[in-house]
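Overview (structure and organization)
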Amino acid sequence: MSELRTDRSAADLEPALARVLQAGTYVSIGFVAVGTLLLLGGGTSPLAGGPALTVGRLASDIAAGRPEGFLWLGILGICATPALRVVGALLGFWRRGERNMVVVAILILAVVGAGVITGVLAG
């Protein structure tokens with residue numbers, strides 16, 4: 001019985017993780033599209049360079065309908081979606097007792113985190 005449950009959870013994990021990637025990508029691209037349309041509606045070219053990222057202003061920029069809020073939220077979502085998939089995989093592996101794969105997922109998240117920290121410090 002437990003072997004059947006393990007096979008089923010293994011079969012359920014990959015489609016669930018694929019849905020996370022799909023939904024995250026669609027939502028993020030939607031935010032980028034709205035931001036681009038607002039930018040064009042305001043008479044600014046999306047190719048003219050963009051506003052700096054100010055995380056503390058994201059919510060107020062979106063509430064005010066400013067394009068930079070939508071653009072940055074979409075870009076951050078596109079960057080975060082693969083990491084969310086790895087977190088989902090980590091949790092699935094943890095529940096199935098696959099310790100080696102849990103370690104691999106943690107190491108992947110550490111590399112992603114190091115890249116984010118390096119990018120923030122360099123910028």
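Criteria and cut-off values
- Residues numbered from 1 in each chain as written.
- Predicted model: local features only at pLDDT ≥ 70, side-chain atom pairs only at ≥ 80, totals over all residues.
- Heavy atoms only, no water.
- Helix = DSSP H or I, 4+ residues; strand = E, 2+ residues; numbered from the N terminus.
- Buried < 20%, exposed > 50% of the residue type's maximum accessible area, 1.4 Å probe, protein only.
- Core = buried A, V, L, I, M, F, W, Y, C linked by side-chain atoms within 4.5 Å.
- Contact = heavy atoms within 4.5 Å.
- Expected span 1.5 Å × (residues − 1).
- Bend = angle between axes of the 7 residues up to and from the residue.

Regarding the environment of Leu91
Turning to its location among the elements, Leu91 is positioned in helix 3 (residues 67–96). For Leu91, a relative accessible area of 42% gives the class partly exposed. Considering only alpha carbons, one finds Leu91 and Val102, eleven residues apart in sequence, at a separation of 7.9 Å.

A short note on the nonpolar core
Formed by Leu13, Leu17, Val86, Ala89, Leu90, Phe93, Val102 and Ala105, the largest nonpolar core amounts to eight residues. Considering each element in turn, this core owes the most residues, four residues, to helix 3. Filtering out sequence-adjacent residues up to four positions away, Val86 remains in contact with Ala105, Ile108 and Leu109.

Examining helix 3
Residue pairs spaced three or four apart in an α-helix point in one direction, given the helix's 3.6 residues per turn. Between its terminal C-alpha atoms helix 3 stretches 43 Å, which fits the 44 Å expected from 30 residues at 1.5 Å a residue. Where helix 3 bends most, the angle comes to about 35°, and this point is Ala80, followed within four residues by the proline Pro82. Just beyond helix 3, the residue with positive phi is Gly97, at close to 80°.

So far we have only geometry, and geometry alone does not tell us how the molecule works.
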